[in-house]
Amino acid sequence: MPDAGSAAAPAAGTQPEEADLLRELLRRPAYQKALVFCALMGIPVSFTAFWFLAAVHELEHALWDDLPSALGWHTPPWWWPLPLLAVAGVAVGLVVKHLPGAGGHVPAGGLHAPQQGPSALPGVVLAAFASLPLGATLGPEAPLIALGSGLALLFAKLARAPVTPQSTPLLAAAGAASALPAIFGNPLVGAVILIEVAGVGGPRLFAVMLPALLASGIGSLVFTGFGRWTGLSTGSLSVDLGVPTPRLDAGDVLWSVLMAVAIGFALHLIMNTGRLTAVFVSQRTVVRTTVCALAAGACAAVYTLVTDRTPVDVASSGQTTLGQLAQDPHSWGVGALIAVLLFKATAYSLCLGSLRGGPIFPSLFLGAAAGVLLAPLPGLGVVPGMAAGMAAASAAALRLPVSSALLVVLVMGSGAMTPVVLLSAVVAFVTVQLLPPGRTVPVPGKAAPPPSAPASGTPNDRPGQA
């Protein structure tokens, strides 16, 4: 057995060296200039990201609210998604086939994507506008990352700033980070997502991080339980929000873990189906992209015929519908919840491989809907069920457990559910990692990999590069 003192000595000896290296780096004029440039560059990038999101939102509102209302419908009719998504399929197919960058990376690969230069920006913007407002079951975060990083490199070129292989990733990350707060409403989420997506530290980082997250969640549960049992307080740093929050109990914890396993397995199947869809559309791109987009529209249409609810529940990112579900979960019957889970999951998997957008918001909605559906289980409440479901679904889809946990805590607006959020994120992440890897997401414009091609080592299967 190695001596603990001798094992700790090298680590202690390296700390001053690392501190000296950091100090030396911060004193370099080149690095200081890079920091100043990134700060200045963040202004036009965030400005552009704001107007990009505003334009997407206004166009979506016009197509799904104003136009049906002007034609005499209170909500879009059941067939409404079909023509819109047909147009989306044709437009995205043409962008992928003819423009540089193929409209951005395939969302079935998660948020990690190969670096694309400014030449890809027109295709990214056009594909996003053809997908998101027209009813793709995707979010805007992936186009925002591509837009921010591409604009940062473009501004560096226009300013004639020295761009090296070392500075290019820094500029791209800074540009993406300045664009993401526009959608998450919090700069911390975007920064943490980019840290995990970059995969700094590789598998070793996740090997250390998972036990830490798991122990932190369990430790929080122990402190909470002993605090109630003894009536004592440890004087922890906290802020009273002044709103009632449910108390966690053993049933919430147990069901959260079981839910995380099931949701992790389900999201793994959805993401793999999205990758198979990407392989399908890699040949005869325009025709097959249109077919997949129409199939996603059919999911929304059949959902409306079955439930008599709006097709927007399926044909959207889920951001607005998630807020409605959280405000009044009891307005959704069991049949409506089952239907939205089935049809939205199918549309999600089709859009992941064919259209352009991000995977975060639909996964959050699916997890929340699953949590509300399972809330009547003995000992499980609606709020813990939603929190655990969202954490498990986002961690399984993105394979970014820290980002998923942080995002769900901020979305919930309270830290009361943090223990079950951490446990669910870790359990779902581990569940997905232990399952057989799926197909490799093909690079648009290149031949699809053969069925026997190994999926391990691909960006969509490595921790931190979901």
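Given the structure is predicted, the values throughout are model-derived calculations rather than measurements.

Student: I'm lost on the overall build of the protein in this one. Help?
Tutor: For the protein, the count of helices and strands is 17 helices and zero strands. Sequence-distant contacts, at least 24 apart, represent 78% of the contacts inside the protein between residues at least 6 apart. Summed over all atoms, the accessible surface of the protein reaches about 21500 Å², with 69% contributed by carbon and sulfur.

Student: How do you make sense of the nonpolar core when you look at a structure like this?
Tutor: Considering soluble globular proteins, one finds that nonpolar side chains tend to be buried as a cluster. Within the largest apolar cluster, 108 residues are counted, with the highest numbers of intra-cluster contacts made by Phe-184, Tyr-348 and Ile-360. Apart from the residues lying within four places of it in its own chain, the contact partners of Ile-360 are Leu-111, Glu-141, Phe-184, Ile-193, Leu-398 and Leu-407.

Student: What is the right way to look at the packing of helix α11 (residues 285–307) against helix α13 (residues 334–354) in this model?
Tutor: How two helices pack is summed up by the angle between their axes together with the distance between the axes. Their axes nearest at 9 Å, the elements α11 and α13 cross at an angle of 170 degrees. As far as their axial angle goes, α13 and α11 are roughly antiparallel. Where α11 approaches α13, its residues Thr-289, Cys-292, Ala-295, Ala-296, Cys-299, Val-302, Tyr-303 and Thr-307 are matched on the opposing element by Ala-336, Ala-339, Val-340, Phe-343, Thr-346, Ala-347, Leu-350, Cys-351 and Ser-354. When the residues that make up the contact of α11 with α13 are grouped by side-chain class, the tally is 13 nonpolar, four polar and no charged.

Student: Explanation requested: helix α3 (residues 81–98) in the structure shown.
Tutor: Residue pairs spaced three or four apart in an α-helix point in one direction, given the helix's 3.6 residues per turn. The terminal C-alpha atoms of α3 lie 26 Å apart, and with 18 residues this matches the ideal 26 Å at 1.5 Å per residue to within 8%. Among the residues of α3, those classed as buried are Pro-81, Leu-84, Leu-85, Ala-88, Gly-89, Val-92, Gly-93, Val-95 and Val-96. All buried residues of α3 lie within an arc of 165 degrees about the axis, which places them on one face of the element. α3 presents Lys-97 and His-98 as exposed residues on the side facing more than 90 degrees away from its buried surface. For α3, the elements touching its buried residues are α2 (29–70), α4 (121–131), α11 and α13.

Student: Looking at this model, I keep getting lost on the side chain of Ser-349. Mind explaining?
Tutor: With respect to the helices and strands, the residue Ser-349 is situated in helix α13. From its side chain, Ser-349 meets the backbone oxygen of Thr-346 in a polar contact 2.7 Å long.

Student: Quick question: what am I supposed to make of the pattern of salt bridges here?
Tutor: A side chain of one charge can pair with a side chain of the opposite charge when the charged atoms of the two come close. With the rule as written, the count across this model stands at one salt bridge. The partner of Arg-309 in a salt bridge is Asp-313, with the nearest N and O atoms 3.0 Å apart. Judged by its relative accessible area of 2%, Asp-313 is buried.

Student: Would you take a moment to explain the packing of aromatic side chains for this structure?
Tutor: Aromatic rings in a pair are described by how distant their centres are and how their planes are angled relative to each other. Inspection of every chain in the model, using the stated rule, returns eight aromatic pairs. Between Phe-47 and Trp-51, the ring centres sit 6.2 Å apart and the planes meet at 70 degrees, which makes this aromatic pair edge-to-face. Highlighted residues: Phe-47 and Trp-51, both in helix α2, separated by four residues, approximately one helical turn. A residue is classified by how much of its surface remains accessible, and Phe-47, at 53% relative accessible area, is exposed. Members of the aromatic cluster, joined through ring pairs, are Phe-47, Phe-50 and Trp-51.

Student: Sorry, what's going on with the environment of Leu-364 here?
Tutor: Relative to the helices and strands, Leu-364 resides in helix α14 (residues 360–374). Among the residues examined, Leu-364 registers a relative accessible area of 2% and is labelled buried. Along the primary structure Leu-364 and Ser-404 are separated by 40 residues, whereas in three dimensions their C-alpha atoms are 9.3 Å apart.

Student: Mind showing me how you'd approach unusual backbone geometry here?
Tutor: Among all residues except glycine, the phi angle is most often negative; among peptide bonds, the trans geometry is most common. In the Ramachandran plot, Ala-102 falls in the positive-phi region, its phi being about 55 degrees despite a non-glycine side chain. With respect to the helices and strands, the residue Ala-102 is situated in the loop between α3 and α4. For Ala-102, a relative accessible area of 6% translates into the label buried.

Student: Looking at this structure, I do not really get the packing of helix α10 (residues 250–281) against α13. What am I missing?
Tutor: Taken N-terminus to C-terminus, the directions of α10 and α13 make an angle of 40 degrees; their axes are 7 Å apart at the nearest point. Between α10 and α13, the crossing angle belongs to the class labelled oblique. The two elements α10 and α13 cross, and the hand of that crossing is right-handed. In this structure, α10 contributes Leu-267, Ile-270, Met-271, Thr-273, Gly-274, Thr-277, Ala-278 and Val-281 to the contact, and α13 contributes Ala-345, Tyr-348, Ser-349, Leu-350, Leu-352, Gly-353 and Ser-354.

Student: Just checking my understanding: could you explain the confidence of the model for the protein for this structure?
Tutor: Averaged over all residues, the pLDDT of the protein equals 80, while 76% of them reach at least 70. Within the model, pLDDT remains below 50 along residues 232–243, and this stretch shows four contacts once partners closer than five positions in the same chain are excluded. Here residues 447–466 scores under 50 on pLDDT; set against residues more than four positions off or in separate chains, the count is 57 contacts.

Student: I would appreciate a short explanation of helix α12 (residues 319–327) in the present structure.
Tutor: Within α12, burial applies to Thr-321, Leu-322 and Leu-325. For α12, the angular spread of the buried residues around the axis is 105 degrees, confining them to a single face. In α12, the exposed positions angled more than 90 degrees off the buried face are occupied by Thr-320 and Gln-327. Contacts from the buried residues of α12 go to α13, α14 and α15 (382–398).

Student: Got a minute to help me understand the state of the cysteines in this structure?
Tutor: Structurally, a disulfide amounts to a covalent bond that connects the sulfur atoms of two cysteines. For the coordinates displayed, the defined rule picks out zero disulfides. Here Cys-299 is not cross-linked by a disulfide; its sulfur's nearest cysteine counterpart is in Cys-351, at 8.5 Å. Cys-299 gets classed as buried once you look at its relative accessible area, which sits at 9%.

How each quantity is defined
- Numbering of residues starts from 1 in every chain and runs along the sequence as written.
- Thresholds applied to this predicted model are a pLDDT of at least 70 for local features of residues and 80 or more for the giving and counting of side-chain atom pairs; totals over whole chains, interfaces and linings are not thresholded and use all residues.
- Side-chain metrics in this entry use all non-hydrogen atoms of the structure; hydrogen atoms and water are not considered.
- Numbering of helices and strands runs from the N terminus, with a helix taken as a DSSP run of H or I at least four residues long and a strand as a DSSP run of E at least two residues long.
- The contact definition used throughout considers only heavy atoms, calling two residues in contact when any of these lie within 4.5 Å.
- All accessible-area figures derive from a Shrake-Rupley calculation using a 1.4 Å probe, and residue coverage is judged against the displayed protein chains alone.
- We define the nonpolar core as a collection of buried residues of types Ala, Val, Leu, Ile, Met, Phe, Trp, Tyr and Cys that are connected through side-chain atoms lying within 4.5 Å of one another.
- Think of it in three bands: residues with accessible area under 20% of the maximum for their type are buried, residues over 50% are exposed, and the middle band is partly exposed, with areas taken using a 1.4 Å probe on protein chains only.
- Note on method: axes are straight lines fitted to C-alpha atoms, helices fitted across the in-contact stretch only, with angles between N-to-C directions ranging 0 to 180 degrees.
- Under this scheme an angle from 65 to 115 degrees is roughly perpendicular, one under 35 degrees roughly parallel, and one over 145 degrees roughly antiparallel; angles in between are oblique.
- Classes in brief: Ala, Val, Leu, Ile, Met, Phe, Trp, Tyr, Cys and Pro nonpolar; Asp, Glu, Lys and Arg charged; the others, Gly included, polar.
- For a helix, the expected span equals 1.5 Å multiplied by the residue count minus one.
- Along the arc lie the directions from the helix axis toward the C-beta atoms.
- Nitrogen and oxygen atoms within 3.5 Å of one another constitute a polar contact, given that in protein one can donate a hydrogen and the other can accept it, and given that sequence-neighbouring residues count only through two side-chain atoms.
- Just to be clear on terms, a salt bridge is a Lys or Arg side-chain nitrogen sitting within 4 Å of an Asp or Glu carboxyl oxygen.
- A pair of aromatic rings is counted whenever rings of Phe, Tyr or Trp (Trp by its six-membered ring) have centres within 6.5 Å, and the orientation is called stacked for planes under 30 degrees apart, edge-to-face for over 60 and tilted otherwise.
- By definition, turning the near helix anticlockwise from the far helix through less than a right angle yields a left-handed crossing, and turning it clockwise yields a right-handed one.
- pLDDT runs from 0 to 100 and stands for how confident the predictor is about each residue.
- Criterion for a disulfide: a pair of cysteine sulfur atoms at a distance within 2.5 Å.

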